[in-house]
Amino acid sequence: MASSEQKVVLITGCSSGIGLRIAVLLAKDEEKRYHVIATMRDLKKKDKLVEAAGDAYGKTLTLLALDVCSDDSVKQCINSVKDRHIDILINNAGIGLLGPLESIGVDEMKRVFETNFFGMVRMIKEVMPDMKKRRSGHIIVMSSVMGLQGVVFNDVYTASKFAIEGFCESLAVQLLKFNVNLSMIEPGPVHTEFETKMMDDVAKMEYPGADADTVRYFKDVYMPSSIDIFEAMGQSPEDIAKCAKKVIESSRPRFRNLTNSLYTPIVAMKYADETGGLSVHTFYNLLFNFGPLMHITMSILKCLTCSCLRSRTISPD
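None of these values were measured; they are calculated from a predicted model.

**Student:** What is the right way to read the packing of helix α4 (residues 106–134) against helix α5 (residues 155–176) from this model?
**Tutor:** Close contact between α4 and α5 brings their axes to 9 Å; oriented N to C, the two are set at 15°. By the angle between their axes, α4 is roughly parallel relative to α5. Viewed along their axes, α4 and α5 form a crossing whose handedness is right-handed. Contacts from M109, V112, F113, N116, F117, M120, V121, I124, M128 and K132 in α4 reach V156, Y157, A159, S160, A163, I164, F167, C168, L171, Q174 and L175 in α5.

This is how it looks when you write it as structure tokens:
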């Protein structure tokens, strides 16, 4: 149970990756300023979190079952928190979807939106009224750089993140009137088990419904380029957790927080041309016309991106 001096932090999607690292980092805060409620859909997957938390487990970190796709599960989880009091909500749960659009069923697309978008909405709707009554609270949403810039063959995942961005941009204005902050964290590539498994799986899959040229472009052009980008620009879950902690502890938390400054020029390019053609044609040329050059560029960037530069990319300040 949290002490009166501790802030109660509820985090979704904590069985691995970013959610796990945020939960552990906050639970191990040297000043013990946080009581972390780490949630996951299946508590049978708690072992990695419990091991990483160490002595903090059962003290500054507790576990609750939560399925963000279920109204009943969300309500039951929040009702089990003392006085329903949550100071900080971190919406982290999410799933990905990658591949040629023609080969993806609508039910698969709906599942992505059900988790990434409506899962976030359920959590905010359940927690927000109490925060507004108290005139206090901070809602943090794990978005993505793909919520700012579309990426080929990530059509549906990108759409779910764009939906998050628009929703949060609208809601943040209202929440300010109630002294409740809303912040988005926007990582680029992150090295997680989830990402690694997805990359391995898609490389082996067949894509019924997609023409041979599209499948070839996906497997032989997009996938190698994507791997180059991950290796050159990818961050660790720990990097994202540190960024989240800085956002939480900021006296004036920013609304948008890109975790990787290497993506700033890419995002800026989109808004430099109101027609949208600059970014579309730039990405087209990078992928289809300058693939070998892009590979060399990413290899050089990987060599140049030393640990001191990476440490600069995690600060929201």
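**Student:** What's the story with the confidence of the model for the protein chain in this structure? I'm lost.
**Tutor:** Low pLDDT marks stretches whose predicted atomic positions should not be read closely. Averaged over all residues, the pLDDT of the protein chain is 90; the fraction at 70 or higher stands at 91%. Across residues 304–313 the pLDDT falls below 50, and counting only partners more than four positions away or on other chains, this stretch makes 12 contacts in the model.

**Student:** Explanation requested: the pairing of strand β5 (residues 137–142) in the structure shown.
**Tutor:** In summary, the side chains of a regular strand alternate between the two faces of the sheet. For β5, the tally of buried residues reaches six of six residues, placing the bulk of the element in the interior. Of the two faces of β5, both are covered, the one formed by G137, I139 and V141 as well as the one formed by H138, I140 and M142. After leaving strand β4 (residues 88–91), the chain enters α4 and then returns to the sheet as β5, a path that is right-handed. In this sheet, strand β6 (residues 180–186) lies alongside β5 in parallel orientation, the contact comprising six bridges. Following the sheet pairing, I140 is matched in β6 by S183. Remark: the β5/α5/β6 crossover connection has right-handed handedness.

**Student:** For this particular structure, what's the right way to read the side chain of D87?
**Tutor:** Within the secondary structure layout, D87 lies in the loop between α3 (71–79) and β4. Despite its burial, D87 remains without a salt bridge, the nearest opposite charge being carried by R134 at 4.4 Å. Within the structure, D87 has its side chain in polar contact with the side chain of H85 (distance 2.8 Å).

**Student:** Sorry, what's going on with a nonpolar patch on the surface here?
**Tutor:** A cluster of nonpolar side chains, namely Y217, Y284 and F288, defines an oily patch on the protein surface of about 280 Å² accessible area. Looking at the secondary structure, you find Y284 in helix α10 (residues 277–289). Exposure remark for Y284: the relative accessible area of 44% places this residue in the partly exposed category.

**Student:** What should I look at first to understand the pattern of salt bridges in this one?
**Tutor:** A pair can form between side chains of opposite charge whenever their charged atoms are brought close. Per the counting criterion, the structure on display carries 16 salt bridges. One salt bridge connects E165 with R256, and the closest N-O pair in it is separated by 2.9 Å. Remark: R256 occurs in strand β7 (residues 256–258) and E165 occurs in helix α5; sequence separation between them is 91 residues. Exposure remark for R256: the relative accessible area of 28% places this residue in the partly exposed category. A salt bridge links K245 to E249; the shortest N-O distance between them is 2.8 Å.

**Student:** Whenever I open this one, α4 confuses me. Can you help?
**Tutor:** It helps to recall that an α-helix has 3.6 residues per turn; residues three or four apart then point in one direction. Its 29 residues place the ends of α4 41 Å apart at the C-alpha level, agreeing with the 42 Å of an ideal helix rising 1.5 Å per residue. In the segment just after α4, R135 is the residue with positive phi, at about 55°.

**Student:** Looking at this structure, I do not really get the sheet that holds β7. What am I missing?
**Tutor:** Strand pairing in a sheet relies on backbone hydrogen bonds, with the paired strands running either antiparallel or parallel. An order of β3-β2-β1-β4-β5-β6-β7 is seen for the seven strands of this open sheet, with the pairing classed as parallel. Each edge of the open sheet carries a strand with a single partner, namely β3 (61–65) and β7. Strand-to-strand twist across the sheet, computed as the mean angle between neighbouring axes with direction ignored, equals 20°. Helix-sheet contacts for α3 involve β1 (7–11), β2 (34–40) and β3, and the interaxial angle to β3 is about 150°. Here α5 sits on the sheet and contacts β5, β6 and β7; the angle it forms with β6, its principal contact strand, is near 160°.

**Student:** What is the right way to read the UniProt feature "active site" (unreviewed entry) in the protein chain from this model?
**Tutor:** The feature "active site" (unreviewed entry), as annotated in UniProt, sits at Y157 in this numbering. The residues contacting Y157, other than those within four sequence positions of it, are I95, G96, L97, V112, N116, S144 and M146.

**Student:** Looking at this structure, how should I read the UniProt feature "binding site: substrate" (unreviewed entry) in the protein chain?
**Tutor:** In this numbering, the UniProt entry assigns the feature "binding site: substrate" (unreviewed entry) to S144. Relative to the helices and strands, S144 is located in the loop between β5 and α5. Owing to a relative accessible area of 6%, S144 belongs among the buried residues under this scheme. Aside from chain neighbours lying at most four places away, what touches S144 is Y157, K161, E165, I185, E186 and P187. At 2.9 Å, the side chain of S144 and the backbone nitrogen of M146 are in polar contact.

**Student:** Can you walk me through the packing of aromatic side chains in this structure?
**Tutor:** To describe a pair of aromatic rings, one takes the distance between the centres and the angle between the planes. Following the criterion strictly, the structure yields eight aromatic pairs and no others. Residues F218 and Y222 carry aromatic rings whose centres are separated by 5.8 Å and whose planes lie at 10° to one another, so their mutual orientation is stacked. Here Y222 and F218 lie together in helix α7 (residues 212–233), a separation of four residues that amounts to about one turn. Judged by its relative accessible area of 7%, Y222 falls in the buried class. Ring geometry for Y284 and F288: centres 5.3 Å apart, planes at 45°, overall tilted. Here Y284 pairs with F288, and both are found in helix α10, just four residues apart, close to one helical turn. Residue class for F288 comes out partly exposed when judged on its relative accessible area of 32%. Put simply, the rings of F153, Y207, F218 and Y222 touch in pairs and so form one group of aromatic residues. A cation over a ring is seen here: K132 above F178, with NZ or CZ 4.5 Å from the ring centre.

Cut-offs applied
- Residues take numbers from 1 onward in each chain, read along the sequence in its written order.
- With the structure being a predicted model, the display of local features is reserved for residues of pLDDT at least 70 and the display and counting of side-chain atom pairs for 80 or more, all residues being used for whole-chain, interface and lining totals.
- Working from all heavy atoms in the structure, the side-chain values ignore hydrogens and water.
- Interaxial angles span 0 to 180 degrees and are taken between N-to-C directions of axes, which are lines fitted to C-alpha atoms, for helices over the stretch in contact.
- In this text, helices come from DSSP runs of H or I with a minimum length of four residues, and strands from runs of E with a minimum of two, each type numbered from the N-terminal end.
- Orientation labels follow simple angle bins: below 35 degrees gives roughly parallel, above 145 gives roughly antiparallel, 65 to 115 gives roughly perpendicular, and whatever is left gives oblique.
- Should the near helix be turned anticlockwise from the far one by less than a right angle, the crossing is left-handed, and should it be turned clockwise, the crossing is right-handed.
- Here a residue-residue contact requires only that any non-hydrogen atoms of the pair lie within 4.5 Å.
- pLDDT gives the predictor's per-residue confidence on a scale running from 0 to 100.
- Remark: exposure states derive from per-residue accessible area (1.4 Å probe, protein chains only) relative to the maximum for the residue type, with buried under 20%, exposed over 50%, and partly exposed in between.
- If the strands point away from the viewer and the path from the first strand over the helix to the second runs clockwise, then the crossover is right-handed.
- Paired strands, as defined in this entry, are two strands with at least two bridges between them according to DSSP.
- The positive count covers Lys and Arg only, the negative count covers Asp and Glu only, and His and the chain ends enter neither.
- Every case where a carboxyl oxygen of Asp or Glu lies within 4 Å of a side-chain nitrogen of Lys or Arg is listed as a salt bridge.
- Here a polar contact is taken to be a pair of N or O atoms separated by no more than 3.5 Å, where protein atoms must pair a possible hydrogen donor with a possible acceptor and residues adjacent in sequence count only if both atoms sit in side chains.
- Only residues whose relative accessible area exceeds 30% and that form no salt bridge are eligible for patches; like-charged ones are grouped when within 9 Å, while nonpolar side chains (Val, Leu, Ile, Met, Phe, Trp, Tyr) are grouped when within 5 Å.
- For accessible areas, the Shrake-Rupley method is used with a probe of radius 1.4 Å. Any residue's cover is judged against the shown protein chains and nothing else.
- In a helix, the anticipated span is given by 1.5 Å times the number of residues less one.
- UniProt positions are given in the numbering used here, feature names are shortened, and annotations may be inferred rather than shown by experiment.
- For this analysis, a ring pair means two rings from Phe, Tyr or Trp (six-membered ring only for Trp) whose centres lie within 6.5 Å, classed as stacked if their planes differ by under 30 degrees, edge-to-face if by over 60, and tilted for the remaining angles.
- Remark: a charge is flagged as sitting over a ring if the NZ atom of Lys or the CZ atom of Arg is within 6 Å of the ring centre and within 35 degrees of the ring normal.

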